[in-house]
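Residue-level structure breakdown
Each chain, letter by letter, is given below.
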Amino acid sequence: MGPLNRSQTKARLSNSTLLFIIAGIIFLLMYGIALISFPVSFRQFQTFFDFFNLNAALFIVTLGMCIVMIGGGIDISVGAVCGLVTMACAMLLQSGTGNVWGALFLALGIGLAFGLMHGFLIAYLEIQPFIITLAGMFLAQGLLTTLHKEPLNVTIPAFVALRRFTIEIPWLGTVNRLGVFIPCEIKPSVFVVVVLVVIYAVMMKWSRFGRNLYAVGGNRQSARMLGINVKKTIFLSYVLCGLTAGISGFVFLMTTGAGNIGNGSLYEIKAIAANVMGGIMLNGGVGNLLGAPIGTLTLLTINELIRAAGVQSNLQAIVSGLLLYLFIVLQSIVMSLRDRRKFRLALPPWLRRFREHDQEEAAN
Amino acid sequence: MSLLKVRFNRWSHLFLPLSVLVILLLINLIKGVDYFKITMVNGVFYGNIPNILFGAAELVILSIGMTLVTAAACGQDISIGESGAISSAIFVQYVLNAGEVTIWTILAGFLLSCVAGMLIGAFNGTLVSYFNVQPMVATLILFLGGRSIAFIIDGKVSPILANPISNQIGTFIPGVPIQTPIILTVVFIVLVAVVLKTTNLRLYVEAVGVNPSAARLNGINPKKIIFLTFLIMGVCSAVAGFLAVNKAGRHDSVNLLKFIMMDAILAVALGGNSLAGGKFSITGSIIGAYTIEVLNRTLLRLEVNPEAIKAFKAVFIIILMVIASPVVRAFARKLLDKAKTIVTGDSVRQTGALDEAVVSMTDSSGKEE
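What you see is a predicted model, and the numbers here were worked out from it, not measured in a lab.

1. Some details on unusual backbone geometry
Leaving glycine aside, a negative phi is the common case for residues, and trans is the common case for peptide bonds. All names here are of chain B. Not every positive phi belongs to a glycine, and Cys74 is a case in point at roughly 55 degrees. Structurally, the position occupied by Cys74 is in the loop between helix H4 (57-73) and helix H5 (80-97). Judged by relative accessible area, which is 33%, Cys74 ranks as partly exposed. We note that Asn132 has phi near 55 degrees; this positive angle belongs to a residue other than glycine. Its location among the elements puts Asn132 in the loop between helix H6 (103-130) and helix H7 (135-153). Given the relative accessible area of 58%, Asn132 is considered exposed.

Written out as structure tokens, the structure reads:
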């Protein structure tokens, strides 16, 4: 097997990996710029953890959107579903009849219901995903306003305890001006994010469903020729996305503690932007699931950077739009150079050994 | 008989939008017989039908542009509301700074706003055609930043457009019994129809949408065509912004044409067009746009709880799309043929229909790659 492997050592990086590397580099670059220009705030670990603490719901929504985007679809109802779940759970908790577990199951149920509806209509009735998920978005928004219009605070003790619960890391932290040591804090929602990222990454990389989804997203016709059940795969991707949106709604409630009409608004746009920054393409079939959290981190870093720089509030949107423009153009230039084969990125020698090892294993 | 069949096939794509429109009108008629009543107030027609035509003016114009973009670029432009806000902000600033307002200042301001719309279209079009970015991602940039740009052009206030001419454009001209936005919409539709009839635009756009590489081999430059459709989209959004700002009488950069891209995309889909590009029907989109306006007004007329309007709209859209979905349509056609064979014992049409169903299925599945 030796000589055969040697001839394959120049294996090109796949598009997914290349885009993921670009996304990672962009994130490191942005965080580096942030560290250099605002060392006081960004050097604290708490700033980094706060990205997760405060935006856990966005991370989770982005994960669900990423799965659908890899399958070549789009789901723009996620933000509205997230908002609907927060309000429904808040009402259940406040009515006094439900406990925290009931609220969690309600969240999963709502998400699953939307996912099943979208999946069935899109996969089995072959309706365009944009229209169906747009209708889903309208439905979720309409149900949300029908349920309750005013902001609803959850005051049930069990939930407040869950919301206030934080995990302190004693060996990481900062000393404030008074000389008191403040340890870093992590909310339980961060663990939800981490667990979901690990589960989804493993699923997309090694499970049959994940590999089928890449094939379907890349080319539906050839996936069908290969014997993949295209409709079932697409159906499952939307169900997963709906379920993830339900979880994100519960996590959102854990973060803010109130049901509100504005909850989760524009999350679908933010999720698409984050995924694009993370190297997941809307055409489908290309993208690494780990790119989703990386893209979200990049988006949040940019927002934080713009806010820290004291840009006028009405210029903030323009600046973030411009940065998005730069990333999109950069991605596109790299991809087109690669298509013309002017740009080759061979694996570095120290990585190549692992690749050879992998291939040997695969051959055996 | 065969001539009739050919004619029917030619117009069959309009079956979906027209049937929906008819169903909605029937619901309205059942609710109250006086639906079509038109009254004359101050020498202008008022009533449900003129109000629908008046209210849907911007949406119709935007859906025309959206149809072209969808057909050529196989994706949607989600920044149309923002680009309308920016171009109308430029129009308002020009008119306010011009001093004396005559018909020529309005016209010059309008042309200026059209140029601005074309610039925005060129920005989006460059990204889509030359950088190969998906349309929705490319237009996301302006969707995020566009309203802020309009806000800055406005000088951080919402300027009021109080002059008799823009008032007349927004409402009616004395002596003309039809409201001006309706007339302008009709003029725009006629212009587009003339352009499509006299030029090869339709053929080229469809060729690029169906298969860009095949179009390139046939001597059509797909990049140029996609760029052109985005330019047209820019002009459409400028016209829509012009109408909207004249109707409202002031430029509110935050709420002008807000979330209209959803309705425009819906209009394109309701018109029987595939959102994955290819063949298109502008007539269908126009009917689809009016259908959405009728739907909105029907829900209001049925006295649906204002909080639940969106949910009802969603249910309606879902039912509609299920009826129109290729699977259900093929199933219905099969049922119909079975019924026909039982009645007449004639199996000729069945095979033809099957072929057609197969073709349409391969078409739809082949497009999405």
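Right, picking up where we left off after that structure.
2. Re the interface of chain A and chain B
Often, the extent of an interface is quoted as the loss of accessible area on bringing the components together. Between chain A and chain B, the residue contacts involve 47 residues of the former and 47 residues of the latter. Summing the contributions of chain A and of chain B, the shared interface buries around 4100 Å²; its carbon and sulfur component is 75%. Taken as a group, Phe130, Ile131 and Phe138 of chain A account for 14% of the area that chain A buries against chain B, more than any other trio of residues on that side. Taken together, chain A and chain B are joined by four residue pairs in polar contact (both at pLDDT 80 or more). Residue assignment for the side of chain A that touches chain B shows that the elements contributing at least two residues are helix H6 (100-124), helix H7 (129-147), helix H11 (220-225), helix H13 (267-277) and helix H15 (313-339) of chain A. Ranked by residue count, the leading element in the side of chain A that touches chain B is H7 of chain A, at 13 residues. Taken together, the residues of the side of chain A that touches chain B break down into 31 nonpolar, 12 polar and four charged.

3. Quick look at H6 of chain A
Here H6 of chain A contains 25 residues, and its C-alpha end-to-end distance of 35 Å stays within 8% of the 36 Å for a straight helix at 1.5 Å per residue. Turning to H6 of chain A, its buried residues number three or more, namely Val100, Ala103, Ala107, Ile110, Gly111, Phe114, Gly115, His118, Gly119, Leu121, Ile122 and Ala123 of chain A. Looking at the buried side of H6 of chain A, the elements it contacts are helix H5 (78-95), H7, helix H8 (157-164) and helix H12 (230-256) of chain A together with helix H15 (309-324) of chain B. A positive phi of about 55 degrees marks Glu126 of chain A, the residue just after H6 of chain A.

4. As for the packing of aromatic side chains
Per the stated rule, a full pass over the model turns up 14 aromatic pairs over all chains. Their ring planes at 55 degrees and their centres at 5.8 Å tell us that Phe252 of chain A and Tyr267 of chain A sit as a pair that is tilted. On the criterion of sequence distance, the pair formed by Phe252 of chain A in helix H12 and Tyr267 of chain A in helix H13 is long-range, its members being 15 residues apart. Residue classification places Phe252 of chain A among the buried residues on the basis of a relative accessible area of 10%. The structure contains a cluster of three or more aromatic residues connected by ring pairs, namely Phe27, Tyr31, Phe48, Phe49, Phe51, Phe52 and Phe59 of chain A. Across from the ring centre of Phe280 of chain B, 4.7 Å away, lies the NZ or CZ of Arg202 of chain B, which sits over that ring. Against the face of Phe54 of chain B rests Lys247 of chain B, its NZ or CZ located 4.5 Å from the ring centre.

5. Some points on the pairing of strand E2 (residues 44-47) of chain B
All names here are of chain B. As judged from the four bridges shared by strand E1 (residues 38-41) and E2, these two strands associate in the antiparallel manner. Bridge pairing in E2 links Met40 to Phe45. The antiparallel pairing of E1 with E2 creates a hairpin that spans two residues between the two strands, and Asn42 there sits at a positive phi of about 55 degrees.

What counts and how
- All residue numbers refer to positions counted from 1 along the written sequence of the respective chain.
- Whichever chain is written first becomes A and whichever ligand is written first becomes 1, with later ones labelled in order.
- A pLDDT threshold of at least 70 governs which residues receive local features in this predicted model, and a stricter bar of 80 or more applies before side-chain atom pairs are shown or counted, although totals over entire chains, interfaces and linings include all residues.
- Computation of side-chain values: all heavy atoms of the structure, hydrogens and water removed.
- The numbering of helices and of strands both runs from the N terminus, where a helix is a DSSP run of H or I of at least 4 residues and a strand a run of E of at least 2.
- Burial classes: relative accessible area under 20% of the type maximum marks a residue as buried, over 50% as exposed, and values in between as partly exposed (1.4 Å probe, protein chains only).
- By definition in these notes, contact holds between two residues if any of their heavy atoms fall within 4.5 Å.
- Buried area is calculated as the accessible area (1.4 Å probe) missing from two parts once they are joined, with the contributions of both summed.
- What qualifies as a polar contact is a pair of N or O atoms within 3.5 Å, subject to a donor-acceptor requirement within protein and to the restriction that residues adjacent in sequence count only when both atoms come from side chains.
- Three classes are used: nonpolar for Ala, Val, Leu, Ile, Met, Phe, Trp, Tyr, Cys and Pro, charged for Asp, Glu, Lys and Arg, and polar for all others, with Gly counted as polar.
- Between the first and last residue of a helix there are one fewer steps than residues, each counted as 1.5 Å, and that sum is the expected span.
- We call Phe, Tyr and Trp rings a pair once their centres come within 6.5 Å, taking the six-membered ring for Trp, and we label the pair stacked below 30 degrees between planes, edge-to-face above 60, and tilted otherwise.
- Here, a charge over a ring means that NZ of Lys or CZ of Arg falls within 6 Å of the ring centre while also lying within 35 degrees of the ring normal.
- Strands are treated as partners if at least two bridges between them are detected by DSSP.

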